[in-house]
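Examination of the molecular architecture
Chain residues, written in single-letter form:
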Amino acid sequence: MSIPVKVAEGVTFDDVVTVERPALDGELLTSFMRLAVEELGFGMEVRAVDDGAPVAYADATADWAFDGPDDVDVLADFFDVKMIPALRAFASEWRDKIADGTIPAPLEGDKA
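The following refers to the structure shown. Remember, it's a predicted structure, so these values are computed and weren't measured experimentally. (Residues numbered from 1 in each chain as written. Predicted model: local features only at pLDDT ≥ 70, side-chain atom pairs only at ≥ 80, totals over all residues. Heavy atoms only, no water.)

Things to note about the side chain of Lys97
Looking at the element boundaries, Lys97 is found in helix H1 (residues 69-99). In this structure the side chain of Lys97 is engaged in a polar contact, spanning 3.0 Å, whose partner is the side chain of Asp15. Excluding its chain neighbours within four sequence positions, the residues that come into contact with Lys97 are Asp15, Met33, Thr102 and Ile103. (Helix = DSSP H or I, 4+ residues; strand = E, 2+ residues; numbered from the N terminus. Polar contact = N/O pair within 3.5 Å; in protein donor to acceptor, adjacent residues only side chain to side chain. Contact = heavy atoms within 4.5 Å.)

Okay, structure coming up:
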């Protein structure tokens, strides 16, 4: 892929490998791929610290208030339409990158 790609409205995927040392004496961070979902302030990244195995980290900044059950249904629809496909595509791409050697395999005993 190599450039950020809009997967759906408000959903982007990027697999540009970046390597940085945020602090002069800090850890070496290698980021392999990222997923962003704007509406949720959700981000997920596969990264390795120093020589460790790559793992996925995720966080979100969204806050919700629901005026009734219909609002909860709207959120559920959002997950059905955007989040589930985005997460499944991210997992599939991660597996493909492990298979082709772009991303190191998980440590023994971890699932890929």
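Let's talk about the side chain of Ser31
Note that Ser31 resides in strand S4 (residues 29-37). Within the structure, Ser31 has its side chain in polar contact with the side chain of Arg34 (distance 2.3 Å). Setting aside chain neighbours within four positions, we find Ser31 in contact with Val16, Val17, Thr18, Glu45, Val46 and Arg47.

Overview of the packing of aromatic side chains
Applying the stated criterion to the full structure yields 3 aromatic pairs. Centroid distance Phe13 to Phe90: 5.9 Å. Interplanar angle 75°. Geometry classified as edge-to-face. Remark: Phe90 occurs in helix H1 and Phe13 occurs in strand S2 (residues 11-14); sequence separation between them is 77 residues. Considered together, Phe13 and Phe90 belong to a single accessibility category, that of buried residues. Centre to centre, the rings of Phe78 and Phe79 are 6.0 Å apart; their planes meet at 85°, and the pair counts as edge-to-face. For Phe78, a relative accessible area of 14% puts it in the buried group. Given a relative accessible area of 29%, Phe79 falls into the partly exposed group. In this structure, Arg47 is placed above the aromatic ring of Tyr57, and the distance from its NZ or CZ to the ring centre is 4.0 Å. (Phe/Tyr/Trp six-rings, centres within 6.5 Å; stacked < 30°, edge-to-face > 60°. Buried < 20%, exposed > 50% of the residue type's maximum accessible area, 1.4 Å probe, protein only. Lys NZ or Arg CZ within 6 Å of the ring centre and 35° of its normal.)

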